[in-house]
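Fold and geometry: a report
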Amino acid sequence: MCFINYIKAGYPIMWVKTHEETRVLTEYAHHISSLQVENGEAPYTAVSWDVADGIRPLSLKGGALATGKSIDGTAQDPMQPLTWLDEQAPDNTILFLKDYRPFMQKEFGDSTLINRKIRNLITKFRSQGKVLVVMSPDVQIPSELDKEINVINYKLPGRDELKIVLKSACEASAAPYPTNDEEVINAALGMTASEAENTFSISLVEAKMFDPKVIRREKSMIVKKTGLLEVIESGYTAADIGGLENLKEWLNGRMNCFGSVAKAYGITPPKGLLLAGVPGTGKSLSAKAVASMWGRPLLRFDMGRIMGGIVGESESNMRKCLEIAQAVAPVILWIDEIEKGLSGVKAGANQQKAHEVTERVFGELLNFMQDRQADVFLVATCNSLDSLPPELLRSGRIDSIFWVDLPDEVQREEIIKIHLKRRGRKPGMFDLVMPQLLKASDTFTGAEIEVWIQESLIRAFNAGRKDVEVEDFLATASEITPIARLMKTDIETSRAAAKARGTKQASKVHEGVKAPAAQTAPRKIKMI
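Residues numbered from 1 in each chain as written. Predicted model: local features only at pLDDT ≥ 70, side-chain atom pairs only at ≥ 80, totals over all residues. Heavy atoms only, no water.

Structural notes on the nonpolar core
Most often, soluble globular proteins keep nonpolar side chains buried together rather than apart. Judged by nonpolar contacts, the single largest core of 46 residues is most densely connected at Leu274, Phe301, Met303, Leu333, Ile338, Leu365 and Leu392. Looking at which element gives the most residues to this core, the answer is helix H14 (residues 351-371), with 7 residues. Dropping the residues within four chain positions of it, Leu333 is found in contact with Leu229, Leu299, Phe301, Leu322, Ala325, Phe368, Val376, Phe377, Leu378 and Val379. (Core = buried A, V, L, I, M, F, W, Y, C linked by side-chain atoms within 4.5 Å. Buried < 20%, exposed > 50% of the residue type's maximum accessible area, 1.4 Å probe, protein only. Helix = DSSP H or I, 4+ residues; strand = E, 2+ residues; numbered from the N terminus. Contact = heavy atoms within 4.5 Å.)

Observations concerning the pairing of strand S1 (residues 13-17)
Counted residue by residue, S1 has 5 buried out of 5 residues, so it is predominantly covered. Here S1 shows two buried faces, one formed by Ile13, Trp15 and Lys17 and the other by Met14 and Val16. Bridge count for S1 against strand S6 (residues 131-136) is 5 bridges, and the pairing is parallel. Of the residues in S6, the one forming a bridge with Lys17 is Ser136. Pairing of S1 with strand S7 (residues 150-153) involves 4 bridges; the strand directions are parallel. Looking across to S7, one finds that Met14 is bridged to Asn150. (Pairing = 2+ DSSP bridges.)

A short note on helix H12 (residues 313-328)
Look at H12: 23 Å from first C-alpha to last across 16 residues, which is about the 22 Å you get at 1.5 Å a residue. Those residues of H12 that fall on the buried side of the exposure criterion are Ser314, Glu315, Ser316, Asn317, Met318, Cys321, Leu322, Ile324, Ala325, Ala327 and Val328. (Expected span 1.5 Å × (residues − 1).)

A closer look at the side chain of Thr476
With respect to the helices and strands, Thr476 occurs in helix H18 (residues 470-477). At a separation of 2.8 Å, a polar atom in the side chain of Thr476 contacts the main-chain carbonyl oxygen of Asp472. When neighbours within four sequence positions are excluded, Thr476 is seen to be in contact with Trp452, Glu455, Ser456 and Arg459. (Polar contact = N/O pair within 3.5 Å; in protein donor to acceptor, adjacent residues only side chain to side chain.)

Observations regarding the confidence of the model for the protein chain
The predicted model of the protein chain averages 88 in pLDDT, with 92% of residues at 70 or higher. Low pLDDT, under 50, characterises residues 345-350; the predicted model gives this stretch 3 contacts beyond four residues in sequence or across chains. A low-confidence stretch, residues 524-528 (pLDDT under 50), is modelled with 10 contacts involving residues beyond four sequence positions or located in other chains. (pLDDT = per-residue confidence, 0-100.)

Next up, the structure:
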């Protein structure tokens, strides 16, 4: 339901969640000016209030927002706009309150008086056509007003609105409209109109054109300001991942299941994927590879930092991040180590309160996973399925769950060759010593193999050798303590739990190849 329908329905108070005051006021002023009134009724008028300028009338001039002269004596005191609307304003006046949220919170000394005044006026305003509209980036409604205030979540600009911003930037700078406008607009998705306008301008200054790379860079910095989201530029593909054959096959099979053609065929777009398993086995790398494989931007969501100290802040953080993800769609939303954000905080007397906050945050995530309409594919990773609430794993929220285990001998060979090639070596040069390398790397994760090869190159370089030799690999392997030994019990427990759930294996089982087991003691490596 849109803002103007709430006005027509006689809602006396609303809360608009937005960072874009000017865009909201311009759009709503346009709607208000078009409202028809019955014979003898006062026309609808719009005014705004802020603590610096007080009450100022709003109007449109040439389609742009204009503000009139401030009414004396209405600034600074947050009670003044309420009194003015009650006693002096004509019927059908709509008052937009800027930065008013703090005055309604308990931390403000007169909040009880202000909230009581609002409650007293609600019934009166309904009969007079008067409306209070609170505007703020965050919604924190006092409990005594919770049932009275209707919340409007003002969305970030979509493609059509950004196209208007782009055309305005072209007119303002006398620049030609870009032929790759879809790519430019896709790069700007997730920004406010003001952010997009500024980003288009900096692109013109730097690149003398609307460069999607510059726009994506600027968006990355804007998104990163949330402290919870980060745009990841991924250059990884499926070829950079050793093993995980079943997972790669699953991803390839769903690459084309988005869009109108798949929808017409009766296919529901995939919603998400959960990767659980041993640390360092390629879960995070897989999330990055999905973005490259499917040609989508990648947003990393840090669930471990979502909890805030202010009442309602944690839930607001979650909603904000999910809103940005939906605005940027189509996108891959990667939640790394999702269990960290759902574990709660154990802090003595605050334990129950922290648990309640975690439950509300979790509820926001579940609603998003179940009901989202935007093309956001979720990739969540965790180390153990036992650490996750069962509601998260329900069918309809996650399309598939994979267990990512330690690589076997075939997969380790593939991983070794990938890292050798990445460092300028021809993998075939090491075929004769590969059996020794595989024995030395027994129970290594992919991450440990990467470190092992790097350390072996450093050892050979410092020794003045022309190239790395097998003795370098064997010597450095003996200095690495695999996580398979450090977390033996945890890995075995998590592996058994995944098997008991019937979780799919991310990697194929190669016949005749012994699966790696968690180590119980240091390995003894013999040089041949």
